[in-house]
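Chains, contacts and geometry: an overview
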Amino acid sequence: MSLTFLHDALAATTPILLAALGGAINRQGGTVNVGLDSFILAGALAGEVASAVTGSSLGGVAGAAIAGGGTAALMAAVIRFARTDQIVTGLGFDMSAQAVCRLVVKLAFGVTGLLSLPAARRLPVVAIPELGTLDALTLLSWSLVPACAWFLRHHRLGLRLRAAGESPGAATALGFDPKRLQAAATIAAGVLAGLAGADLSLGIVGAFSTNISNGRGFMALAAFYIGRARPFSTAAACLMLGLLTEAAIHAQADGLPTALAQAAPYLAVICVLGAQAVANRHQPNLQRMLKGLKT
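All values reported here derive from a predicted model rather than from experimental measurement.

1. Side note on the side chain of Glu 48
Locating Glu 48 in the fold gives a position in helix α2 (residues 36-54). Classification of Glu 48 by relative accessible area gives buried; the value is 0%. Not counting residues within four places of it along the chain, the set of residues in contact with Glu 48 comprises Leu 115, Ser 116, Leu 117, Ala 120, Arg 122, Ser 201, Leu 202, Ala 207 and Phe 208.

Take a look at the structure:
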């Protein structure tokens, strides 16, 4: 594994990790957030436009976070007040996001393909010894892993969120509204997924297109399921997906068919989830066997 390959894999991991951390926080609160892809798209478009309007990459990042959080707030409101199914609603947002973004780009800028605004400022980069340069959001994403773990384990709001996810009735009895906490967690997930979109449009790709997310929201969904919504385990799953994605790109350059290269990370996810399900099924038997050995 060359340092160049590791650098590219870390860069590819960033948008998946940001979205997956948001999804993990949501999952700890009892919500399965399937709408991450729509938040990434909203953040990517808003990041490109806001960066061009403000002439600042920081303005673009702020615009992406607001767009992702706003889209998530709309989804949370639909789920809470219209009492719709959270998974169906998330899928609906994912399916409509591309169409909405395509319409906005066509009406506002008169283009149908790639939107690259000359005034947009790209993300600043930081030099890392041996690895080269990584954008600021990559460094932020990895620093958020221990921060999220501490928040969920030690902060009062994190503990309340976990209580709301594990036992909403008990949470209500303790005097706080679990649905409000779940909605707040959804908005936080939207902000992080919006940052993932900014990393794509202002960093990795350097422009916006309606397929810029390329299923990364669903990769993030798989990552926090593999990691059981725990920040460190989720980050490890994201890194695995980033390495597989980059390996597939290199294999494609070496002659692997494009369709197979693009499917490789998803096939790996299916294999890991299947192995995890088998392990969970046999865990009680394993525990009984270990108990028998001790006696």
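Next, the rest of the story.
2. Topic: the packing of α2 against helix α4 (residues 86-109)
One can describe the packing of α2 onto α4 by two numbers: an axis separation of 7 Å at closest approach and a directional angle of 20°. Judged by the angle between their axes, α2 and α4 are roughly parallel. Taken as a pair, α2 and α4 cross one another with a handedness that is left-handed. Between α2 and α4, the contacting residues are Leu 36, Asp 37, Ser 38, Leu 41, Leu 45 and Val 49 on the first element and Phe 93, Asp 94, Ala 97, Gln 98, Cys 101, Val 104, Val 105 and Phe 109 on the second. The class makeup of the residues in the contact of α2 with α4 is ten nonpolar, two polar and two charged.

3. Observations regarding helix α8 (residues 178-204)
With 27 residues, α8 ought to run about 39 Å at 1.5 Å a step, and its terminal C-alpha atoms sit 37 Å apart, in line with that. Counting buried residues in α8 gives 19 out of 27 residues, a clear majority hidden from the surface. For α8, the capping residue at the N-terminal end is Asp 177, with a side-chain oxygen 3.1 Å from the backbone nitrogen of Lys 179. At the C-terminal side of α8, Gly 206 shows a positive phi close to 80°.

4. Topic: a nonpolar patch on the surface
On the surface, Ile 87, Leu 91, Met 95 and Phe 218 cluster together into a nonpolar patch covering about 380 Å² of accessible area. At three residues, α4 tops the list of elements feeding residues into the nonpolar patch. Considering the arrangement of structural elements, one finds Met 95 in helix α4. For Met 95, a relative accessible area of 67% translates into the label exposed.

5. What to know about α2
For α2, spanning 19 residues, the distance from its first C-alpha to its last is 26 Å, which sits close to the expected 27 Å at 1.5 Å a residue. For α2, the buried fraction is high: 16 of the 19 residues fall into the buried class. In the stretch just after α2, Gly 55 is the one whose phi turns positive, near 70°.

6. Some details on the pattern of salt bridges
For side chains bearing opposite charge, pairing can occur when the charged atoms are close. One pass over the structure, following the stated rule, counts two salt bridges. A salt bridge links Glu 48 to Arg 122, with the nearest nitrogen and oxygen atoms 2.8 Å apart. Remark: Arg 122 occurs in the loop between α4 and β1 (125-128) and Glu 48 occurs in helix α2; sequence separation between them is 74 residues. Taking relative accessible area as the criterion, Arg 122 reaches 29% and is therefore assigned partly exposed. Residue Asp 177 is joined to Arg 80 by a salt bridge in which the shortest nitrogen-to-oxygen separation is 3.1 Å. Within this pair, whereas Asp 177 is found in the loop between α7 (168-173) and α8, its partner Arg 80 is found in helix α3 (residues 57-81), the two being separated by 97 residues in sequence. Note on Arg 80: relative accessible area 30%, which makes it partly exposed.

7. Focus on unusual backbone geometry
Positioned with a positive phi, Arg 83 is a non-glycine residue whose angle comes to about 55°. With respect to the helices and strands, the residue Arg 83 is situated in the loop between α3 and α4.

8. Overview of the nonpolar core
Core analysis: the biggest nonpolar cluster contains 64 residues, and Leu 36 and Phe 208 have the highest contact counts within it. Here this core gets ten residues from one element, more than from any other, and that element is α8. Filtering out sequence-adjacent residues up to four positions away, Leu 36 remains in contact with Ala 19, Gly 23, Asp 94, Ala 189, Ala 193, Gly 217, Ala 220, Leu 221 and Phe 224.

9. Side note on the side chain of Ser 57
Its place among the elements puts Ser 57 in helix α3. Discounting chain neighbours no more than four positions away, the residues touching Ser 57 are Ser 51, Arg 121, Arg 122, Leu 123, Pro 124 and Leu 202.

10. What about the UniProt feature "transmembrane region" (unreviewed entry) in the protein chain?
As annotated by UniProt and renumbered to match this structure, "transmembrane region" (unreviewed entry) occupies residues 61-82, 103-120, 232-253 and 259-279. Annotation note: span residues 103-120, helix share 39%, strand share 0%, distance between end C-alpha atoms 20 Å. The annotated region residues 232-253 carries 100% helix and 0% strand content, and the separation between its end C-alpha atoms amounts to 32 Å.

11. Points about the environment of Leu 161
With respect to the helices and strands, Leu 161 occurs in helix α6 (residues 156-166). Along the backbone, Leu 161 and Asp 85 are 76 residues apart, and their C-alpha atoms lie at a distance of 20 Å. Those residues in contact with Leu 161 that lie beyond four places of it in its chain are Ile 25, Gln 28, Gly 29, Leu 152, Leu 181 and Ala 185.

Quick notes on the rules
- Residues numbered from 1 in each chain as written.
- Predicted model: local features only at pLDDT ≥ 70, side-chain atom pairs only at ≥ 80, totals over all residues.
- Heavy atoms only, no water.
- Helix = DSSP H or I, 4+ residues; strand = E, 2+ residues; numbered from the N terminus.
- Buried < 20%, exposed > 50% of the residue type's maximum accessible area, 1.4 Å probe, protein only.
- Contact = heavy atoms within 4.5 Å.
- Axes fitted to C-alpha atoms, helices over the stretch in contact; angles between N-to-C directions.
- Parallel < 35°, antiparallel > 145°, perpendicular 65-115°, else oblique.
- Left-handed = near helix turned anticlockwise from the far one by under 90°.
- Nonpolar A, V, L, I, M, F, W, Y, C, P; charged D, E, K, R; others polar.
- Expected span 1.5 Å × (residues − 1).
- Polar contact = N/O pair within 3.5 Å; in protein donor to acceptor, adjacent residues only side chain to side chain.
- Patch = residues over 30% accessible without salt bridge, like charges linked within 9 Å, V, L, I, M, F, W, Y side chains within 5 Å.
- Areas by Shrake-Rupley, 256 points an atom, 1.4 Å probe, with all protein chains shown as cover.
- Salt bridge = Lys/Arg side-chain N within 4 Å of Asp/Glu carboxyl O.
- Core = buried A, V, L, I, M, F, W, Y, C linked by side-chain atoms within 4.5 Å.
- UniProt positions renumbered as here; feature names shortened; annotations may be inferred.

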